[in-house]
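Remarks on the overall topology
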Amino acid sequence: MGIMKVDTEILKKTVRCQHGFECLVNESSKCLSMVIERNVGGKFLFANCSNNLCHYHMHFGKSVICTCPTRVEIFSKYKK
């Protein structure tokens, strides 16, 4: 699929990314390997993930809540 495009305003909101936006250029990044269970109003994602991959993840039962603006946008646009 190649490089994914995300609006500059979304990238500016992603101030706590500790992986250098690897998800935008590397389809095999750990972030993109998360299985997304549900998109909640375009605000956050429920994912099936055993690791805490970054500062935007919180454990919620057996799921992870991902609040990363860039990851939410990637899922909304590309269903990845």
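Residues numbered from 1 in each chain as written. Predicted model: local features only at pLDDT ≥ 70, side-chain atom pairs only at ≥ 80, totals over all residues. Heavy atoms only, no water.

We now examine the pattern of salt bridges. In total, this model carries two salt bridges according to the counting rule given. One salt bridge in this structure joins K12 and E9, with 3.5 Å as the shortest N-O distance. Taken as a pair, K12 and E9 lie in helix α1 (residues 8-13) at a separation of three residues, close to a single helical turn. The exposure class of E9 is partly exposed, given its relative accessible area of 47%. The partner of E27 in a salt bridge is K80, and the shortest N-O contact between them spans 3.4 Å. Remark: K80 occurs in the segment after α2 (69-78) and E27 occurs in the loop between α1 and β1 (35-40); sequence separation between them is 53 residues. Given a relative accessible area of 29%, K80 falls into the partly exposed group. (Salt bridge = Lys/Arg side-chain N within 4 Å of Asp/Glu carboxyl O. Helix = DSSP H or I, 4+ residues; strand = E, 2+ residues; numbered from the N terminus. Buried < 20%, exposed > 50% of the residue type's maximum accessible area, 1.4 Å probe, protein only.)

Right, let's get into the side chain of T70. Along the chain, T70 turns up in helix α2. With relative accessibility at 0%, the residue T70 sits in the buried group. Dropping the residues within four chain positions of it, T70 is found in contact with V6, I10, L11, T14, F21, C23 and L24. (Contact = heavy atoms within 4.5 Å.)

Summarising the sheet, β1 and strand β2 (residues 44-48) pair through five bridges and their orientation is antiparallel. When the bridges of β2 are listed, R38 appears paired with F46. Between the antiparallel neighbours β1 and β2 lie three residues, among them G41 with a positive phi of about 60 degrees. As paired elements, β2 and strand β4 (residues 63-66) share three bridges and run antiparallel to each other. (Pairing = 2+ DSSP bridges.)

These values are about where atoms sit, not about what they do.
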